[in-house]
Amino acid sequence: MKFVLVFVIGCIMLNLIECNPVELVSLTNKRDDSGQFLSRYKLDDGTGEEKMGKLQSNKNGEDAILVQRGSYTTNVDGRLMTYNWIADTRGFRISKA
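- If you look the chain up in an unreviewed UniProt entry, it shows as ACYPI006967 protein from Aphis craccivora.

See below:
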């Protein structure tokens, strides 16, 4: 009996939640043999992400590290907010655009 009650309440709650599906406006994925890449997408609600990376030699020249940078746009309380980020030998850093 508890299961049925929880199921019915769950169905009612799902019907009350407003779902707004979004569509993919653009998508790009490029990679090369040297480790560089570019990836981006944008949705019709204005949100999306872009990131790029490349292999960079470290100080001793023996190995390489992947340095990445990018941005993402998200909806915060009905406003589009864009954040830029970078990940390299100094760690991950993010800032508001």
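Next, the rest of the story.
Some thoughts on the overall build of the chain
- When helices and strands are counted, the chain shows 1 helix and 6 strands.
- N-terminal to C-terminal, the α/β element order of the chain is α-β-β-β-β-β-β.
- Evaluated residue by residue, the chain yields a buried proportion of 15% over its 97 residues.
- Relative to all contacts within the chain whose residues are 6 or more apart in sequence, the contacts with residues 24 or more apart total 11%.
- A total of about 8,000 Å² of accessible surface is found on the chain, and carbon and sulfur atoms cover 55% of it.

Concerning a nonpolar patch on the surface
- On the surface, Leu24, Leu27 and Tyr41 cluster together into a nonpolar patch covering about 300 Å² of accessible area.
- In this structure, leucine 24 sits in strand S1 (residues 24-31).

Looking at the side chain of serine 71
- Tracing the backbone shows serine 71 in strand S4 (residues 64-76).
- Look at serine 71 and you get buried, because its relative accessible area is 18%.
- If sequence neighbours within four positions are ignored, serine 71 has contacts with Glu49, Glu50, Thr82, Tyr83, Asn84 and Trp85.

Some remarks on the sheet that holds strand S2 (residues 37-43)
- Spatially, 6 strands are ordered S1-S2-S3-S4-S5-S6 in an open sheet, and the strand pairing comes out antiparallel. Each edge of the open sheet is held by one strand with a lone partner, namely S1 and strand S6 (91-96). With strand direction ignored, the average angle separating the axes of adjacent strands in the sheet is 10 degrees.
- Here S1 runs beside S2; their pairing, made up of 7 bridges, is antiparallel. Residue pairing across strands places serine 26 opposite lysine 42, the latter belonging to S2.

Some details on the confidence of the model for the chain
- Confidence along the chain averages 85 in pLDDT terms, with 80% of residues attaining 70 or more.
- Element-level pLDDT for the chain is lowest in helix H1 (residues 2-16), with a mean of 63, against a maximum mean of 96 in S2.

A closer look at the pairing of strand S5 (residues 79-88)
- Pairing analysis gives 9 bridges linking S4 to S5, with the strands arranged antiparallel. Bridge pairing in S5 links glycine 70 to tryptophan 85.
- A loop of 2 residues connects S4 with S5, the two strands running antiparallel in sequence, and aspartate 77 in this loop sits at a positive phi of about 55 degrees.
- Note: S5 against S6, 6 bridges, orientation antiparallel. Each bridged residue has a counterpart across the sheet, and for alanine 87 the counterpart in S6 is phenylalanine 92.

Reading guide: rules and limits
- Residues numbered from 1 in each chain as written.
- Predicted model: local features only at pLDDT ≥ 70, side-chain atom pairs only at ≥ 80, totals over all residues.
- Heavy atoms only, no water.
- Helix = DSSP H or I, 4+ residues; strand = E, 2+ residues; numbered from the N terminus.
- Buried < 20%, exposed > 50% of the residue type's maximum accessible area, 1.4 Å probe, protein only.
- Contact = heavy atoms within 4.5 Å.
- Areas by Shrake-Rupley, 256 points an atom, 1.4 Å probe, with all protein chains shown as cover.
- Patch = residues over 30% accessible without salt bridge, like charges linked within 9 Å, V, L, I, M, F, W, Y side chains within 5 Å.
- Salt bridge = Lys/Arg side-chain N within 4 Å of Asp/Glu carboxyl O.
- Pairing = 2+ DSSP bridges.
- Axes fitted to C-alpha atoms, helices over the stretch in contact; angles between N-to-C directions.
- pLDDT = per-residue confidence, 0-100.

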